[in-house]
Amino acid sequence: MPDLPDHESDDAKDAARTEHSGAEQPETDAERRRRRAQFLRELAEARALRARVQPRRAKTARLRHAMRMRTFRW
C-alpha cells in the first residue's frame with residue numbers, strides 16, 4: 001500500500017546498527033534516547049487506540065488506577 005509509511009527501512013537500519021554496533025562501538029546515548037522516544041510514542045499510540053476501541057475497559061482501568069493512587073502511602 002503506497003499510502004502507508006515504510007517501516008521496513010527503519011527495521012533495516014536497526015538491524016544494520018545492531019550488527020555493526022557490537023563490532024565497532026557501543027550504542028551512543030543519543031541513539032538509545034532516539035529509540036526509546038520512538039518506542040514510547042508507539043506505546044502511547046497503542047494505548048490511545050485501545051482506549052478508543054474499548055472505552056468501557058479503559059474507563060474501568062482509569063478508575064482502578066486512580067483508586068490505587070489515592071490509597072498509596074508514601
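Predicted model only: the values in this text are computed from it and were never measured. Here the residue numbers are simple positions, counted from 1 along each chain's written sequence. Confidence filtering applies because this is a predicted model: local features only for residues at pLDDT of at least 70, side-chain atom pairs given and counted only at 80 or more, and all residues used for totals across whole chains, interfaces and linings. Only hydrogens and water are set aside; all other atoms, that is, all heavy atoms of the structure, feed into the side-chain values.

S.K.: Help me understand a positive patch on the surface in this model?
M.R.: Surface patches are defined over residues having more than 30% relative accessible area and no salt bridge, joining like charges when they lie within 9 Å and nonpolar side chains (Val, Leu, Ile, Met, Phe, Trp, Tyr) when within 5 Å. Areas reported here follow the Shrake-Rupley algorithm with a probe of radius 1.4 Å; residue values treat only the protein chains shown as occluding. By convention in these notes, a salt bridge is any Lys or Arg side-chain nitrogen within 4 Å of a carboxyl oxygen on Asp or Glu. All tallies of charge rest on Lys and Arg as positive and Asp and Glu as negative; His and the ends of each chain are not included. For the purpose of locating charges, the reference atoms are NZ of Lys, CZ of Arg, CG of Asp and CD of Glu. Taken together, the side chains of Arg-32, Arg-33, Arg-34 and Arg-36 define a basic patch exposed on the protein surface. Along the chain, Arg-32 turns up in helix H2 (residues 29-53). A run of DSSP states H or I qualifies as a helix once it reaches four residues; a run of E qualifies as a strand once it reaches two. Both are numbered from the N-terminal end.

S.K.: I'm lost on the layout of surface pockets in this one. Help?
M.R.: Picture a little ball the size of a water molecule; that probe, rolled over the atoms, points out where space is still empty. A 1.4 Å probe that fits into a set of points on a 1 Å grid over the protein atoms alone but cannot get out defines a cavity; an open set with protein on both sides within 12 Å along at least five of seven lines defines a pocket, and lining residues are those with an atom within 4 Å of a point. Grid points are joined across faces, edges and corners, and a volume is the space filled by probe spheres set on the points. One number sums up the size of the second largest pocket: a volume of about 210 Å³. Lining the second largest pocket are Arg-47, Arg-50, Ala-51, Gln-54, Arg-57, Ala-58, Ala-61 and Arg-62. For the lining of the second largest pocket, the secondary structure elements donating two or more residues are H2 and helix H3 (55-71). Here the element with the most residues in the lining of the second largest pocket is H3; it accounts for 4 residues. The class makeup of the residues in the lining of the second largest pocket is 3 nonpolar, 1 polar and 4 charged. Under the convention adopted here, Pro, Cys and the residues Ala, Val, Leu, Ile, Met, Phe, Trp and Tyr are nonpolar, Asp, Glu, Lys and Arg are charged, and Gly plus all remaining residues are polar.

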